[in-house]
Amino acid sequence: MMFTKAFGLLASFGAMASALPTTFETRDTNSTGGGGGGGVEIINNMGQDIYLWSVGNTADSEMVTLSSGGKSYTESWKLNPDGGGISIKLSTTPDQSDVLQYEYTLVSPTIFWDLSCINMGSSSKFSTVGFAVTSNDEGNCPKATCKPGDSACADAYLFPTDDHATHGCPEAVQMTLSLGPSDSE
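Just so we're clear, the structure is a prediction, and the values are computed from it rather than from any experiment.

Peer 1: Residue-level account of the sheet that holds strand β3 (residues 50–55), with values.
Peer 2: With respect to topology, 6 strands assemble into an open sheet ordered β4-β3-β7-β8-β9-β12, the strand pairing being antiparallel. In this open sheet, the two strands that pair with only one neighbour each are β4 (64–66) and β12 (167–170). Going from strand to strand, the sheet's axes swing by 25° on average, the running direction of each strand aside.

Peer 1: Go over the sheet that holds strand β10 (residues 131–135), please, and point to the residues and values.
Peer 2: Strand pairing in a sheet is mediated by backbone hydrogen bonds. Such pairs are either parallel or antiparallel. Ordered by their spatial adjacency, 5 strands build an open sheet running β5-β2-β13-β10-β11, and the pairing between neighbours is mixed. With one partner strand each, in any of the chains shown, β5 (71–76) and β11 (144–146) form the two edges of the open sheet. Going across the sheet, the axis of each strand differs from the next one's by a mean of 15°, ignoring polarity. Pairing between β10 and strand β13 (residues 174–179): 5 bridges, direction antiparallel. Counted as the bridge partner of Val133 is Leu177 from β13.

Peer 1: If you had to explain the state of the cysteines to someone new, which residues and values would you point to?
Peer 2: For the structure on display, the rule yields 2 disulfides. Each sulfur in the disulfide pair Cys141 and Cys169 lies 1.9 Å from the other. Here the disulfide of Cys141 and Cys169 is right-handed, its torsion about the S-S bond being about 70°. Of this pair, Cys141 sits in the loop between β10 and β11 while Cys169 sits in strand β12, and the two are 28 residues apart along the sequence.

Peer 1: Please provide a residue-by-residue account of the packing of aromatic side chains, values included.
Peer 2: Counted according to the given criterion, the structure contains 3 aromatic pairs. On the numbers, 6.3 Å between centres and 50° between planes, the contact of Tyr102 with Tyr104 is tilted. Taken individually, Tyr102 and Tyr104 each receive the classification buried, so the pair is uniform in this respect. Ring pairing ties together the aromatic residues Trp77, Tyr102, Tyr104 and Trp113, which thus form one cluster.

Conventions adopted
- Residues numbered from 1 in each chain as written.
- Predicted model: local features only at pLDDT ≥ 70, side-chain atom pairs only at ≥ 80, totals over all residues.
- Heavy atoms only, no water.
- Pairing = 2+ DSSP bridges.
- Helix = DSSP H or I, 4+ residues; strand = E, 2+ residues; numbered from the N terminus.
- Axes fitted to C-alpha atoms, helices over the stretch in contact; angles between N-to-C directions.
- Disulfide = S-S within 2.5 Å.
- Phe/Tyr/Trp six-rings, centres within 6.5 Å; stacked < 30°, edge-to-face > 60°.
- Buried < 20%, exposed > 50% of the residue type's maximum accessible area, 1.4 Å probe, protein only.

In structure tokens:
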């Protein structure tokens, strides 16, 4: 339990650390050498554009617009130069209000990840449509599901002490964060 809290604090401090310019190191985590390694794909099924920022130890990050209609953004696991975590901040507006976060930290051979609703309002569009994280390794990697209308999702951080929402998976895993219902639902 103490490790989880310490790790959570370390990841939080890493995400909020200095605002000095830096370069992220992208790491090929595929141990078989046959492709792009582990990472996350974010799929927009919300019916509106989503804005995202991949942030490490700097506040500076280029905004990416993720168009509606099932368009996706893919990121290979990145290492934060200060050893902290990465937060992919998702918003329905370019001003970063009402933010859902997919957070991860690579500590080889494990990728630790979570969803954070701490910076989301209770009437957030993300809560209205729901969201879920799955992986290509369901036997070794837990999933998280926040159903439509669930503004108090137990699978995500609602408060900084919700350490039960942090999960660990093998670093070669490919994660998928689906925003809103998929065509198959």
